[in-house]
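Fold and contact review
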Amino acid sequence: MKFAQFLLNGAKSNIPKQVDRFSKFSPSPLSMKQFIDFGSANACEKTSFVFLRQELPVRLANIMKEIDFLPDKLLGTPSLQLLQSWYAQSLMELVDFLEKDPDDKNVLKKFTEALVSVRNRHNNVVPTMAQGVLEYKEAFGVDPVTNQNVQYFLDRFYMSRISTRMLMNQHTLIFDGSTNPAHPKHIGSIDPNCDVVEVVKDAYETSKMLCEQYYLTSPEMEIQQVNSKTSDQPLHIVYVPSHLYHMLFELFKNAMRATVETHEDSITLPPIKVRVSLGHEDLTIKMTDRGGGVPLRKIERLFSYMYTTAPSPVLDNARNAPLAGFGYGLPISRLYAKYFQGDLQLYSMEGYGTSAVIYLKALSSESVERLPVFNKSALRHYQSTTEADDWCIPSKEPKKLGKYELSAQ
């Protein structure tokens, strides 16, 4: 037992060295085209193994360096302690393969098993991190500097997680020796011929079912598509359908909730209008509802991890997906859009409704991973302090200028 503890402590003491070692490298972003070329007919498990055994530790170490710059009291929460232990264990398991022989079939098999193990270990990273932030916020409150630092960190942390899962999914799906019977033409998690309108319809139907369970009614959808390249063809791009579905499902949930609650006394509900347009550079999806809108002041807050209008969810109740959870749906959906150089933006008219717009790259060669890297620029973000605003802040009460007139009488 003591020997096992000795080995464990030895491994723990080696973690900071490995984090320092791998964080000195910058991650290597891949384009959608590279993912496709690599995963098609010429897919080579050995090449993937050699790339991932170096690249995954680099991506993990870069974000692990940034975790250390979070407030000490946030790092002290049980959720963050657990999360750091997951990342440390996963890093060390992957580093073990650095000296292994890529020509050994058994090594390749064990590496795929290790990736599945790491991926499963990290399944609950998002709710665990969210729980840590919630515990911190309830115990210590939030100041502007902490809010800014946590926002900056979580955008990068969750983006890093999206990217590592993408790499692990591609390897395990392509090299586990079987094809997905439901999607035989997919290359890993990528659909080289993703039918965007079909994904929109899928996301709508699931949201509609959820909305009807909760509110006993739901708005209809009107969809229109414009293909400026070839007007008579459906809209297809190279994309990850699960990522697109995630974004659309979140937007439909929000639109339906707002529409039903705003028009609860109406006999009919106004429809949610979706327009999909394919141009030479972008594929754009615009979703418009008449759910009453949001004031401009609150728009950016909708993308904040530190603000949520929803009550705290119960983590154990995984079966019933609530219409509102930690309030992380929108910020993480925006990260999915940004991951391959797209974006997600909200435009609202208070008193009327909201338009959400998803921008995706139309060309697979331009859909390149957007990855965080730990460097001096990143470090400066965590060292910033609040400075006086260089714009006048209006006071609540207007100045009484009349006193000058009174003294003159």
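A brief look at the structure comes next. Computed from a prediction, not measured in an experiment: that's the story for all the values here.

On to the overall build of the protein, then. Looking only at helices and strands, one finds 14 helices and seven strands in the protein. When the 409 residues of the protein are sorted by exposure, 45% land in the buried category. Approximately 22600 Å² of the protein is accessible, and the part contributed by carbon and sulfur atoms is 53%.

What follows covers the pattern of salt bridges. The full count for this structure, using the stated rule, is 13 salt bridges. With a shortest N-O distance of 3.0 Å, K33 and D37 are connected by a salt bridge. Of this pair, K33 and D37 both sit in helix α2 (residues 32-39), four residues apart, roughly one helical turn. With a relative accessible area of 40%, K33 lands in the partly exposed category. Given the relative accessible area of 39%, D37 is considered partly exposed. K208 is the salt-bridge partner of E212, the closest N and O atoms lying 3.3 Å from each other. Residue E212 and its partner K208 are located together in helix α9 (residues 196-215), separated by four residues, close to a single helical turn. Residue K208 is classed as buried on the basis of its relative accessible area of 17%.

The two faces of strand β4 (residues 272-278) differ: I272, V274, V276 and L278 on one face are buried, but K273, R275 and S277 on the other face are not. Both strand β2 (residues 221-227) and β4 contribute to a ladder of seven bridges, which runs parallel. Among the inter-strand pairings, V226 is bridged to a residue of β4, identified as S277. As paired strands, β4 and strand β5 (residues 282-288) are joined by six bridges and run antiparallel to one another. In the strand pairing of β5, L278 is matched with L283. Linking β4 back to β5 in an antiparallel pair, the connection comprises three residues.

On to α9, then. In this model, α9 (20 residues) spans 28 Å end to end at C-alpha, consistent with the 28 Å of a helix rising 1.5 Å per residue. All of the buried residues in α9 are V196, V197, V199, V200, A203, Y204, S207, K208, L210 and C211. Contact partners of the buried residues in α9: β1 (191-195), β2, β3 (236-239), α10 (241-262), β4 and β5. For α9, the N-terminal cap is D195; the gap from its side-chain oxygen to the backbone nitrogen of V197 is 3.3 Å. Among the residues trailing α9, L216 stands out with phi positive, at a value near 65°.

As a rule of thumb, soluble globular proteins bury nonpolar side chains together. Ranked by size, the top nonpolar core spans 107 residues in total, and within it L154, F157, Y158, L248 and F252 carry the most contacts. Element by element, the count of residues in this core is highest for helix α8 (residues 144-175), at 11 residues.

A few words now on helix α3 (residues 45-67). For α3, with 23 residues, the first-to-last C-alpha span of 32 Å sits near the 33 Å given by 1.5 Å per residue. Approximately 30° is the largest bend angle found in α3, and it occurs at L52.

At a minimum axis separation of 8 Å, α9 and α10 run at an interaxial angle of 40°. By the angle class used here, α9 and α10 are oblique. Crossing hand, α9 versus α10: right-handed. Contacts from V196, V199, V200, D202, A203, Y204, T206, S207, K208, L210, C211 and Y215 in α9 reach P241, L244, Y245, L248, F249, F252, K253, M256, R257, V260 and E261 in α10. Partitioning the contact of α9 with α10 into residue classes produces 16 nonpolar, two polar and five charged.

Parameters and conventions
- Along each chain, numbering runs from 1 in the same order as the chain's sequence is written.
- With pLDDT at 70 or above as the cut-off, local features in this predicted model cover only qualifying residues; side-chain atom pairs require 80 or more to be listed or tallied, and sums for whole chains, interfaces and linings still use all residues.
- For side-chain calculations, the full set of non-hydrogen atoms in the structure is used, while hydrogens and water are omitted.
- By definition, any uninterrupted DSSP run of H or I lasting at least four residues is a helix, any uninterrupted run of E lasting at least two residues is a strand, and each is numbered from the N terminus.
- When accessible area is computed with a 1.4 Å probe and restricted to protein chains, residues below 20% of their type maximum are described as buried, those above 50% as exposed, and intermediate ones as partly exposed.
- Accessible surface is estimated by sampling points in the Shrake-Rupley manner with a 1.4 Å probe; for residues, cover comes only from the protein chains shown.
- One speaks of a salt bridge when a side-chain nitrogen belonging to Lys or Arg is within 4 Å of a carboxyl oxygen belonging to Asp or Glu.
- If DSSP finds at least two bridges between two strands, the strands pair.
- A helix is expected to span 1.5 Å multiplied by its residue count minus one.
- Here a residue-residue contact requires only that any non-hydrogen atoms of the pair lie within 4.5 Å.
- Here a polar contact is taken to be a pair of N or O atoms separated by no more than 3.5 Å, where protein atoms must pair a possible hydrogen donor with a possible acceptor and residues adjacent in sequence count only if both atoms sit in side chains.
- Buried Ala, Val, Leu, Ile, Met, Phe, Trp, Tyr and Cys residues that are joined via side-chain atoms within 4.5 Å together make up what is termed a nonpolar core.
- One axis fitted to the seven residues ending at a residue, another fitted to the seven starting there: the angle between these axes is the bend at that residue.
- The axes are straight lines fitted to the C-alpha atoms, using for helices just the contacting stretch, and the angles between their N-to-C directions are given from 0 to 180°.
- Throughout, the term roughly parallel applies to angles under 35 degrees, roughly antiparallel to angles over 145, roughly perpendicular to angles from 65 to 115, and oblique to all others.
- With the far helix as reference, a near helix turned anticlockwise by less than a right angle produces a left-handed crossing, and one turned clockwise produces a right-handed crossing.
- When residues are grouped by polarity, Ala, Val, Leu, Ile, Met, Phe, Trp, Tyr, Cys and Pro land in nonpolar, Asp, Glu, Lys and Arg in charged, and all others, Gly among them, in polar.

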